[in-house]
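# An overview of the molecular structure
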Amino acid sequence: MKLGYSKCVIAVLLLFCPLYTQANCKCEQITSYVNGRRVCSCKPGYVVNSNHHEKCQDIDECQDSNETICAQICTNTIGSYLCSCNPGYKISISDPAKCEDIDECQDSNETICEQICTDTIGSYLCSCNPGYTISSIDRAKCEDIDECSGTSSPCEQVCTNTIGGYTCSCEQIGYIIDTTDITQCKLDDRFCNIVAGSNTLSGTITSPGYPQNYPFDYNCHVSLPPKQLMKITIRSYTLKKPCCIVLSEV
């Protein structure tokens, strides 16, 4: 009877596990019984091996899924998968399968742009304040623009470059910067007004404020072409204190 019972058990094992011993019939992960039969199954992230039903193999969710399980990058792991994001994005706190833009201008622990940082979708853009331009060597840095070096000067007479800008001045005697347009020069009211045609050899010079009295401590400058002479006729004058008239050749 004992021998017969042993043969009976072996026969049952061979019936349900052909070509395997009892040890090989052990399920790798989950064992259950259905109507007296041993059934092997697997944990989430695994599937029963089609050739060896007692074994489990990893499911590549990134390849086998019929839907997009990660918004950007899916990496298969043993028994699961991992979602990650492209540069310039980070995993969403509300949904680990989705990505959201990184605001590098706000979130960075270091200054990534020297002057102006503008966040863009998945990246950022560096730009500069007026008077500066992006460096051709380092796109995060700014360098001064020499506004005076171009073919067209922004100033009517003299242009002087400064860091981040420029200043205009007047080189012609008797002219000052126009306060209504600092790039232009205008005749200084403190100097003599010259009324003469461009091709004439005569004209009239009037003092500042003429016909009112000549203001104190004002100078009169008149420029002549080289080798030209000027005759000055003073019709009347009043001396309030000793003074002199100095004529000099420039």
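Our structure is the block above this text.
Rules used throughout
Residues take numbers from 1 onward in each chain, read along the sequence in its written order. Whole-chain, interface and lining totals are the exception, using all residues; otherwise, since this is a predicted model, local features are given only for residues with pLDDT of at least 70 and side-chain atom pairs are given and counted only at 80 or more. Water and hydrogen atoms play no part in the side-chain values, which are based on all heavy atoms of the structure. In what follows, salt bridge is the name for a side-chain nitrogen of Lys or Arg lying within 4 Å of a carboxyl oxygen of Asp or Glu. In this description a helix means any DSSP run of H or I spanning at least four residues, a strand means any run of E spanning at least two, and both kinds are numbered starting from the N terminus. The term disulfide is used for any two cysteine sulfur atoms that are within 2.5 Å. Relative accessibility thresholds used throughout: buried, under 20% of the residue-type maximum; exposed, over 50%; partly exposed, between the two (1.4 Å probe, protein chains only). In this text, buried Ala, Val, Leu, Ile, Met, Phe, Trp, Tyr and Cys residues form a nonpolar core when linked through side-chain atoms within 4.5 Å. We call two residues contacting when some pair of their heavy atoms lies within 4.5 Å.

### What about the pattern of salt bridges?
Across all of its chains, the model carries one salt bridge by this definition. In this structure, the salt-bridge partner of lysine 90 is aspartate 107, at a minimum N-O distance of 3.9 Å. Highlighted residues: lysine 90 in strand 7 (residues 89–91) and aspartate 107 in helix 3 (residues 104–107), separated in sequence by 17 residues.

### What to know about the state of the cysteines
According to the stated counting rule, one finds eleven disulfides in the structure shown. Covalent S-S linkage joins cysteine 128 and cysteine 142, the inter-sulfur distance amounting to 2.0 Å. When the S-S torsion is -95 degrees, as for the bridge of cysteine 128 with cysteine 142, the disulfide is left-handed. Here cysteine 128 is found in the loop between strand 10 (123–127) and strand 11 (132–134), whereas its partner cysteine 142 is found in strand 12 (residues 142–144), with 14 residues between them in sequence. Grouping residues by exposure puts cysteine 128 and cysteine 142 together as buried. There is a disulfide in this structure between cysteine 148 and cysteine 159, and the S-S distance comes to 1.9 Å. A torsion of -70 degrees about the S-S bond marks the disulfide between cysteine 148 and cysteine 159 as left-handed. Placement of cysteine 148 in the loop between strand 12 and strand 13 (158–162) and of cysteine 159 in strand 13 is noted, with a sequence separation of eleven residues between them.

### Details of the nonpolar core
Grouped together as the largest cluster of nonpolar side chains are six residues: Ile112, Cys113, Cys126, Cys128, Ile134 and Cys142. Apart from residues no more than four positions distant in its own chain, cysteine 126 is found in contact with Ile112, Cys113, Ile116, Ile134, Arg139 and Ala140.

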